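Here are the chains, one letter per residue:
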Amino acid sequence: MSSRQRLRIYYNCLIVSMLLIILGSAMVLSSSAPYALQRTGDPFYYFRKHCIFLIPGMLLFFYFKNLHYEKLRRFAKPLILISLALLILTLVLGTEVKGAKRSINFNGFSFQPSELAKFSLVIYLAHFFARYEEEKKSRKVFIIPVFVTGAIMSLLLLEPDFGSTATIFAYVMGFLIVAGINWFIITGMLLSSVPAVVYLIHKKPYMWKRIIGFINPEKDPLGVGYHVIQSLISTGSGGLFGVGLGRGRQKMEFLPEAHKDYVFAVIGEELGFLGALFILILFGAIIFTALWMSRRVRDVFGRYLAFGVGIYFGIQVFIHAGVTVKVLPPKGTTLPFFSYGGSSLIIALAMLGVFFSLIRNSEFEGNEPELISEIL
Amino acid sequence: MRMLRKNEPTCFLKREKMIEISLYLCFAILAARLFYLQIIMHEKYAKFAGKIQFIENQIPAQRGSIYDRNGNILAMDIPAKTLYVYTRNVDDKDKTAKVLASILKMPVSEIRKKLDEKYPRIKRKLTIEEYTAIEKEKLKGVIFEDDYKRLYPKGKLACHILGFANVDGIGIEGVELQYNDVLSGETGLVSIPRDGRGNSLISLSRVICSPVRGKDIYLTIDERIQQIVEEEIAKCWETSTPKKISAIVMDPKTGEILAMANKPDFDPNDPGRFPAEFRKNYAVTDLFEPGSIFKIVTAAAVLEEGKVTVNEIFNCEGGKWFIRGHILHDAHPYGPLDFQQIIIKSSNIGTVKLAMRIGDQTLYRYIKKFHFGELTGIDLPGEIRGILRPVEKWSAYSITAIPIGQEVGVTCLQAIRAISVFANGGYLVQPHILKRIEPSAPSRAVSLVQSENVISPGVIATLNAILAKVVSEEGTAARAGIPGYTICGKTGTGQKVENGVYSHSKFTASFIGFLPLQDPQVAILVNVDEPRGAYYGGIVAAPVFREIAWRAMQYMQVPPQNASIAMTGSQTYESKRTD
């Protein structure tokens, strides 16, 4: 790959990233303003905090962009340990919101270790499977990452945070697949999760209600089907062009946590089909460029890392948007850059930095002229 | 760092490709879902969103005003605020309730209970005093919404004509009811966004359609004449303490009602304070037995048929005549009287003898010509037909009762329309109350005149000369006379039917007439129901007629026919009044 091509990918992705950050900030303002006004009397309350979080996020972005990704391997194990420690700490010291302990408070700023855990896990899994391939270790060794992931998932389930659990489960399954693990084992792991899910549903009756509400929201539009229906109304009422940025009505307490878990529904309402599609394409550009790179980067860690970046954003976006358009049952996940939340924003920017480091530093193979980022 | 050799075969590429394709698929599903929701199902969701995101509120329209013929205001809508409280903004509900209760004079507990709702309405249509007092308190969460309040600035004046409108601005009685669709404007519509918790975001509301003010109505009423009539019947109300009084002043040529009043009356500003029967417009909704005033109809019929000459003499049997199994009485016994004396003295026996010359059929035909027993079609609600049995159902005795105004029931309107025939030269007018609507609504125009000629001019002239003598020293209605003006009129004293028998203690005293004879300006009817003490029409009703007629002539600046007589006349009249 010529350096000109590399430059083109780099700058195209930079433009896409800037668009995501700018549009994301606009949507944070739009979707949080009524909520902020209602709670604090200041419509810019969350937007201002979002802007403050952008500073450490951008610092991390530049740090990781300029850091050769190879050096990340050194962080892999410490990061996982820190994540595990913080997750345990959350269960002890976390602040409880609506029956779930998901964040730790530091001087008014709350931090969600689950976001850090996602980032750490991607790097750890990339590192682990790269080494596994490099050292031609026995296939049985993959039990270690499965065990680590299992530990993280268990801690997340204790919070409980089903959205993050599902996300992390999807990450590890993705890595296991590309690492060439036997299909029987993968199927077995998938099946083994079934009893766990059944047990959870049995233990937490509201999970069952959520699923019922997902399947048939019209049956109880004010109860279990409320979230689903409000999200569909929001998205559907946007039409082709949307009602205009900032002019949506569903964010006014119709959508629960409109600025967090349902920001894509606000996008659908305000920016319409074209706007929502455009944002999906922006994400798609990052995701599929990363995946495209994972097939062409010549070093093993780089390819696993590129793959990790791709599915990190891909799964987050699919789960978030899938919930709002009723493809998946409701669970609270954020849309990177668009949902309000400091941890989510900072981690997403850090991950974006890793992505740019990959573009800058990796060695590509072949001379592939067609680039997804080129169509943008 | 381990580098892969070029094209090194690994299962990574194959498996990665698989995952990439499934992610592509996931994104395609999202896009397809968006397309389905936002393009195909857009209409449905947009409609649904509109339903939950907005509430529609009505904006009251100002009701049209009601004026008299000269543009004096009789009824109007004034702005009035309705008090709401947006309780979310209230700091101290107990204090707010206490303050509001003291200003509005409502129980504290009632208001405090309302304050537990989200957006309760505390009181509709505040008075200005209440509004300013609450405004001064600067209470948090208090919201005033625009509304209108019906005001009748002249109080009881013309109350039965105007009727009243209820708190929702809907006409309940009178002109307010009759022309409710004209007076009530079109309610506006405002769309208020609400949030998921049901809070209205009033500051963001948008007017969908503005309210349209109702149209104004100009009545044929003359406020001054109305006032005169009401003052005069009020005096009679005091002296005679009857059950009820009705009086009408009408333009005999056009049928325009210049005044119409009843006692008892009510204040349309506060109709609930009065019993329902006080609110009835008896002049339209009630009938009375006309008694002697009906003799005009009989006399006109006989004359028109040519069955009598003016000077022909009839034996009035000394006041007692045994006819068809009954004894017919006169109030005063008379011997032989000529035709005009019969009318002037109001002899029952003479009138019946006249009527018997033309017979049931012809008499009935003439009564029908005057449209008795039919609605006059006045534009006021609740009009009744009165009672007139078809001739087939008349008994043998009817010919001795109907000619003198028994066995029939007429409304004041029917009676005044009948006398107007003599005032205007022979045609029936259409009594009406609506002069015009502004901005104009041509479809509402009343057909002013019914061209039907009831009685020929010759007969009218003859009869008018006789009716003028009724209002003289020799007639029954000397007390109705006003020097300088020639008044044609007829007294009537009807016995009321009580338990199917004519009562000897309950009467209706009435007087009907018009003036001046040369160019009649007004027809006036006074009907006193169950006066106490004196009960003859000539004694009870005629003086009321005279007062109304005299003051109306002065107000209308109708010159007396004979200036010198008028001069001395008015002096004697004045002295008479001061007696």
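Calculation notes
- Residues numbered from 1 in each chain as written.
- Chains lettered and ligands numbered in written order.
- Predicted model: local features only at pLDDT ≥ 70, side-chain atom pairs only at ≥ 80, totals over all residues.
- Heavy atoms only, no water.
- Helix = DSSP H or I, 4+ residues; strand = E, 2+ residues; numbered from the N terminus.
- Buried < 20%, exposed > 50% of the residue type's maximum accessible area, 1.4 Å probe, protein only.
- Contact = heavy atoms within 4.5 Å.
- Polar contact = N/O pair within 3.5 Å; in protein donor to acceptor, adjacent residues only side chain to side chain.
- Pairing = 2+ DSSP bridges.
- Axes fitted to C-alpha atoms, helices over the stretch in contact; angles between N-to-C directions.
- Domains from an automatic or database assignment.
- Buried area = accessible area lost by both parts, 1.4 Å probe.
- Salt bridge = Lys/Arg side-chain N within 4 Å of Asp/Glu carboxyl O.
- Core = buried A, V, L, I, M, F, W, Y, C linked by side-chain atoms within 4.5 Å.

## Concerning the environment of B:Tyr366
All names here are of chain B.
Here is step 1: Along the chain, Tyr366 falls in helix H13 (residues 348-369).
Here is step 2: On the accessibility criterion, Tyr366 (2% relative accessible area) is buried.
Here is step 3: Taking C-alpha positions, Tyr366 is 31 Å from Lys280, a pair spaced 86 residues apart along the chain.
Here is step 4: Setting aside its immediate chain neighbours within four residues, Tyr366 contacts Ala301, Glu304, Glu305 and Ile455.
Here is step 5: One polar contact links Tyr366 to Glu305, side chain to side chain, over a distance of 2.6 Å.

## Comments concerning the sheet that holds strand S2 (residues 100-106) of chain A
All names here are of chain A.
Here is step 1: The 3 strands are arranged S1-S2-S3 in an open sheet whose pairing can be described as antiparallel. Looking at which strands have only one partner, the edges of the open sheet turn out to be strand S1 (95-97) and strand S3 (109-111). Taking each pair of neighbouring strands and ignoring which way they run, the sheet shows an average axis angle of 45°.
Here is step 2: Sheet analysis places S2 next to S3, joined by 3 bridges and oriented antiparallel. Pairing of Asn105 across the sheet is with Ser110, part of S3.

## Quick notes on the sheet that holds strand S24 (residues 522-529) of chain B
All names here are of chain B.
Here is step 1: In spatial order, the strands read S12-S11-S24-S23-S22; together these 5 strands make up an open sheet with antiparallel pairing. Of all the strands in the sheet, just strand S12 (257-263) and strand S22 (488-498) have a single pairing partner and so form its edges. When the angles between neighbouring strand axes are averaged without regard to direction, this sheet yields 10°.
Here is step 2: Relative to strand S23 (residues 501-515), S22 is paired through 10 bridges, and the arrangement is antiparallel. Bridge pairing links Thr493 to Ala509 in S23.

## Considerations on the domain arrangement of chain B
All names here are of chain B.
Here is step 1: Partitioning chain B into structural domains gives domain 1 (57-82 + 119-219) and domain 2 (223-578).
Here is step 2: Centre-to-centre separation of domain 1 and domain 2, based on C-alpha positions: 42 Å.
Here is step 3: Summing the contributions of domain 1 and of domain 2, the shared interface buries around 2900 Å²; its carbon and sulfur component is 58%.
Here is step 4: The largest contributions to the domain 1 side of the interface with domain 2 come from Arg69, His160 and Tyr218, which together make up 25% of the buried area.
Here is step 5: Connecting domain 1 to domain 2 are 4 salt bridges.
Here is step 6: With a closest N to O distance of 3.6 Å, Asp265 and Lys156 form a salt bridge.

## Notes on the pattern of salt bridges
Residue and element names in this part refer to chain B.
Here is step 1: Counted according to the given criterion, the structure contains 43 salt bridges over all chains.
Here is step 2: We note a salt bridge from Asp529 to Lys244, for which the minimum N-O separation is 3.0 Å. Placement of Asp529 in strand S24 and of Lys244 in strand S11 (residues 244-250) is noted, with a sequence separation of 285 residues between them.
Here is step 3: By relative accessible area, Asp529 is classed as buried at 3%.
Here is step 4: Among the salt bridges present, the one from Glu438 reaches Arg436, with a minimum N-O distance of 2.8 Å.
Here is step 5: Its relative accessible area of 34% is what places Arg436 among the partly exposed residues.

## Looking at the pairing of strand S10 (residues 216-219) of chain B
Residues and elements named next belong to chain B.
Here is step 1: By the alternation rule, side chains of S10 split into Asp216 and Tyr218 and Ile217 and Leu219, which are all buried.
Here is step 2: Judged from the 2 bridges that link them, strand S2 (residues 66-67) and S10 form a sheet pairing that is parallel. Bridging from a neighbouring strand, Tyr67 pairs with Tyr218 of S10.
Here is step 3: Inspection of the sheet shows S10 paired to strand S20 (residues 434-438) by 4 bridges, in the antiparallel sense. Paired with Ile217 across the strands is Ile437, a residue of S20.

## Describing the nonpolar core
Here is step 1: Within the largest apolar cluster, 134 residues are counted, with the highest numbers of intra-cluster contacts made by A:Phe129, A:Ile152, A:Tyr304, A:Phe313, A:Phe337, A:Phe338 and A:Phe355.
Here is step 2: No other element matches helix H10 (residues 263-294) of chain A, which puts 20 residues into this core.
Here is step 3: The contact partners of A:Phe337, leaving out residues within four places of it in the chain, are A:Leu20, A:Ile21, A:Gly24, A:Ser25, A:Val28, A:His50, A:Phe283, A:Phe313, A:Leu345, A:Ala348, A:Leu349 and A:Leu352.
Here is step 4: In terms of nonpolar packing, the next biggest core, distinct from the first, is built from 125 residues, B:Ala423, B:Ile460, B:Ala477 and B:Ala541 among them.

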